[in-house]
Amino acid sequence: MRIRVRFAPSPTGYLHVGGARTALFNWLFARHTDGTFILRIEDTDRKRSADRYEKAIIDDLRYLGLDWDEGLGIGGKYGPYRQSERFPLYKEYAKRLLKEKKAYYCYCTEVELEARRKEALRKGQTPRYDGRCRNLRKEEIKRYKKEGRKPTIRFKAPKKKVVVSDLVRGEVTFEADALGDFIILRSDGVAAFNFANIIDDMSMEITHVIRGEDHLSNTPRQILLYRALGIEPPKFAHISMILGPDRARLSKRHGATAIAEYRKKGYLPEALVNYLSLLGWYPPDGREIKSKKELTKEFFLDNISKPPAVFDNQKLNWMNGHYIRSAPLKRITDLAIPYLREAGYLKGRITPAKKKWLLKVIEATRTHLEYLAQVPKEVEVFFAKEVKISKEGKEILKKESSKRVLSTLKNKLKEIKEITDKNFKSLVKEIEKETGYKGKDLYLPIRIALTGKNRGPELRFILPILGKKECLRRLSLGRVGK
RNA sequence: GUCCCCAUCGUCUAGCCUGGUUAGGACACCAGGUUUUCAACCUGGCGGCAGGGGUUCAAAUCCCCUUGGGGACACCA
């Protein structure tokens, strides 16, 4: 049988790293097994769901390159793939359970329920529905109806031990009285999560449910529902949570958690995917840098690790930097252009000559990058109109040796047509020969006079990128080099 | 509070299932090399089996307890 897995986000917020990791694991498993990856939207909470989130989630999945074979925007024979369009189906199954006496109407109001819940919590008891509406007498029902109460439908949870057989955790046993009768259809007729979820998994013939560990304790409820419907449940794999540095569940207060934020900051999809793949999974050969193709080949549910994983931004940054350095220069340059525009360094159309120049600028600076939003800061020296020299820099320029090096450089520059990658070396050699200075005495004054800073991109990049004219202009700024 | 999950360097983790390893790798950190600087890169170093009981000739590995962390207990998903 062909493997069918799904990613089923609810559109109540942006795709965050945890969701992305779940989507990725599902995707990898589907691709590894040549199965089907399905995207389904769980929007039964009409109040919190929003179209813009649905759109954003789709954008982010596309950005990560996690394409789906069936579902939203694609269709398929198991559709519709939006739960809000499947309400009749849930109702039908709820009615069936009602008829089979496996569910019942409950007339308790939200206010009553909440009060009882709080009371139980206060007393240190497990908050659980007491089943008081299980056997309502006719007159009671009449009275409630008269009061205008709209009933929910509750599932009669059998008081039996439930064993969840989990692919990553093994057999997990839940005690018989751990759960009360839970709501499957709300008073407004909309299915509750546990119900809609299993009806869809069942009717979409999902074979493996790979999801966050926070769903592990939902699973016994769902298994009970499968049993009541006489259906074999899918296989479950609960992957551990992603934590912040303080070991609390990762959330906004830990900083960036939305994939969209990482995208905006200029994280490459392959870096994000690669880093996320390492959160709770380990490649058999121990080599961590992996393309999506390799990940697909090697990913299997066996080597998923159980303990929760702390999200390490430093490692992500390192990995993103690695991909920035090893990607084709042209691609990184193209990706950097929007950031340069935003910084005001680039305006209008980019001529081929300008593009060529930009490639060099990125080549000179990419080794310093962790993410693309850092580009403007790194390339500043090439765009600055003025050269601001630090106090220490001024001290160095005051030295007799510096003055001689710079005036020689100036003269040499005037003699040549243009400074290029090729003649840079010989130019420096000539200055060295003529002045007798080398090393720091030779290079540092040039760097400072040209950029104002004593660190930055390599000089062999700086001179050709600035060009003869700009070099001479900068040398004459602030009476330097006279 | 009750139930469930988890526990190897600061972090991600390999090793655990099928006891015998100098407990391995990656990020970070430190040092050296390379480079005119920084970065990148290369080499080396620092650093860990939460604690306590068992079982066994032998325990990171199997069992129990403690501790710690996380999750769930909604007309949220």
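Note that the structure is a prediction, hence the values are computed from the model and not measured.

**Student:** What should I look at first to understand the pattern of salt bridges in this one?
**Tutor:** For side chains bearing opposite charge, pairing can occur when the charged atoms are close. On inspection of all chains with the given rule, the structure shows 41 salt bridges. The closest approach of N and O atoms between Lys 315 and Glu 288, which form a salt bridge, is 2.8 Å. Placement of the pair is Lys 315 in helix α11 (residues 313-326) and Glu 288 in the loop between α9 (269-277) and α10 (292-298), with a sequence separation of 27 residues. Judged by relative accessible area, Glu 288 falls into the partly exposed class, the value being 22%. Among the ionic contacts, a cluster of salt bridges with common partners joins Arg 6, Arg 40, Glu 42, Arg 86, Asp 200 and Asp 201.

**Student:** Is there a simple way to think about the packing of helix α16 (residues 400-415) against helix α19 (residues 459-476) in this case?
**Tutor:** Helix-helix packing: each pair is described by the crossing angle between the helix axes and the interaxial distance. Running from amino to carboxyl end, α16 crosses α19 at an angle of 120 degrees, the nearest separation of the two axes being 10 Å. Taken together, the axes of α16 and α19 lie oblique to each other. The hand of the α16/α19 crossing is left-handed. On the side of α16, the interface is formed by Leu 406, Leu 409, Lys 410, Leu 413 and Lys 414, while α19 contributes Leu 463, Lys 468, Cys 471, Leu 472, Leu 475 and Ser 476. In terms of residue class, the contact of α16 with α19 is made up of seven nonpolar, one polar and three charged.

**Student:** Quick question: what am I supposed to make of the protein's contact with RNA strand B here?
**Tutor:** Neighbouring RNA strand B are 61 residues; Gly 124, Arg 169, Arg 186, His 368 and Leu 459 lie closest to it. The sugar-phosphate share of atoms of RNA strand B within 4 Å of the protein amounts to 72%. Between a sugar or linking oxygen of RNA strand B and a main-chain N or O atom of Pro 127, the distance comes to 2.7 Å. A distance of 3.4 Å separates a phosphate oxygen of RNA strand B from a polar side-chain atom of Lys 306.

Calculation notes
Residues numbered from 1 in each chain as written. Chains lettered and ligands numbered in written order. Predicted model: local features only at pLDDT ≥ 70, side-chain atom pairs only at ≥ 80, totals over all residues. Heavy atoms only, no water. Salt bridge = Lys/Arg side-chain N within 4 Å of Asp/Glu carboxyl O. Helix = DSSP H or I, 4+ residues; strand = E, 2+ residues; numbered from the N terminus. Buried < 20%, exposed > 50% of the residue type's maximum accessible area, 1.4 Å probe, protein only. Axes fitted to C-alpha atoms, helices over the stretch in contact; angles between N-to-C directions. Parallel < 35°, antiparallel > 145°, perpendicular 65-115°, else oblique. Left-handed = near helix turned anticlockwise from the far one by under 90°. Contact = heavy atoms within 4.5 Å. Nonpolar A, V, L, I, M, F, W, Y, C, P; charged D, E, K, R; others polar. Near = heavy atom within 4 Å. Polar contact = N/O pair within 3.5 Å; in protein donor to acceptor, adjacent residues only side chain to side chain.

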